[in-house]
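Analysis of the macromolecular model
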Amino acid sequence: MEYFLLIVSAILVNNFVLSKFLGICPFLGVSKKISTALGMSGAVIFVITIASAVTWCLEKWLLEPLGLAKFLETLSFILVIAALVQLIDIVMKRFAPPLHAALGIFLPLITTNCAVLGVAVLNMKEGNGFFKSVVFGFAASVGFSMALLIFTGLREKIERANPPRCFRGVAIALVTAGLLSLAFMGFNGLVK
């Protein structure tokens, strides 16, 4: 039951994009086409889940025993995330060139995506065990992906609806993101 509540909380109640407002840059940047959003979602799920496992091991097996956790935690987590993003970049360039081109600058920006680093830091702050850290990382990334895909679907539909000229582009995207965030606030009482 504890893991179920953790998953529901990470996906719906404490969604990193719509409740904590972390990871807004790729959320707004790659939400114009579903195919691009799906590619970014897969990359984010992979990076956050693997980064949760690797950063937990790094923290518990290296940084804490050496007394370096206070000084090198953030730096070492960023290095792990950067390495994982580089791996994704290489694999996508080799096996999915059109998707790699469509994601453009937003793929390397996963490295600086505060949602990715936020999950790793929250795992350490909460004192989660290994399995709980991985489950939380996976659930948080699924929540990010779900928010991204819902938002992308809404943006595609709004573009076809021909909004007033003053609302086209970024303006309607920000209004839509705000309304989507308000909708997700309805989940607040679901899990404490």
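Rules and cut-offs
- Residues numbered from 1 in each chain as written.
- Predicted model: local features only at pLDDT ≥ 70, side-chain atom pairs only at ≥ 80, totals over all residues.
- Heavy atoms only, no water.
- Phe/Tyr/Trp six-rings, centres within 6.5 Å; stacked < 30°, edge-to-face > 60°.
- Helix = DSSP H or I, 4+ residues; strand = E, 2+ residues; numbered from the N terminus.
- Buried < 20%, exposed > 50% of the residue type's maximum accessible area, 1.4 Å probe, protein only.
- Lys NZ or Arg CZ within 6 Å of the ring centre and 35° of its normal.
- Core = buried A, V, L, I, M, F, W, Y, C linked by side-chain atoms within 4.5 Å.
- 1 Å grid on protein atoms, 1.4 Å probe; cavity = no way out; pocket = protein on both sides within 12 Å on 5 of 7 lines; lining within 4 Å.
- Points joined across faces, edges and corners; volume = space filled by probe spheres on them.
- Nonpolar A, V, L, I, M, F, W, Y, C, P; charged D, E, K, R; others polar.
- Contact = heavy atoms within 4.5 Å.

The next subject is the packing of aromatic side chains. Inspection of the entire model under this criterion finds six aromatic pairs. Summarising the aromatic geometry, the rings of Phe27 and Phe151 are spaced 4.4 Å apart at their centres and angled 20 degrees between planes, so their arrangement reads as stacked. Remark: Phe151 occurs in helix H7 (residues 130-160) and Phe27 occurs in helix H2 (residues 24-29); sequence separation between them is 124 residues. Each member of the pair, Phe27 together with Phe151, is buried. Cluster of aromatic residues (ring-pair linked, three or more members): Trp56, Trp61 and Phe130. A cation sits over an aromatic face here: Lys20 above Phe16, 5.8 Å from the ring centre. Positioned above the aromatic ring of Phe95 is the side chain of Arg94, whose terminal nitrogen or guanidinium carbon lies 5.4 Å from the ring centre.

Our next topic: the nonpolar core. Residues Leu18, Phe27, Met40, Val47, Leu107, Ile110 and Leu148 are the most contacted members of the largest nonpolar core, which totals 39 residues. For this core, the elements supplying multiple residues, two or more each, are helix H1 (2-13), helix H3 (34-66), helix H4 (69-95), helix H6 (114-126), H7 and helix H8 (170-184). In terms of residue count, the dominant contributor to this core is H7 (eight residues). Listed in part, the five residues of the second largest apolar core include Cys57, Phe77, Ala120 and Met124.

Right, let's talk about empty space enclosed by the protein for a bit. Across all of its chains, the model carries one cavity of 30 Å³ or more by this definition. If you trace the largest cavity, you find it lined by Arg155, Ile158, Glu159, Ile172, Ala173 and Thr176. For the lining of the largest cavity, the secondary-structure elements that each account for two or more residues are H7 and H8. Tallied by class, the residues present in the lining of the largest cavity amount to three nonpolar, one polar and two charged.

On to the environment of Val116. On the secondary structure map, Val116 appears in helix H6. Here Val116 falls in the buried class, since its relative accessible area comes to 1%. For Val116 and Phe131, which are 15 residues apart along the polypeptide, the C-alpha to C-alpha distance reads 17 Å. Ignoring any residue separated from it by four or fewer positions in sequence, one finds Val116 in contact with Val47, Ile48, Ile81 and Ile110.

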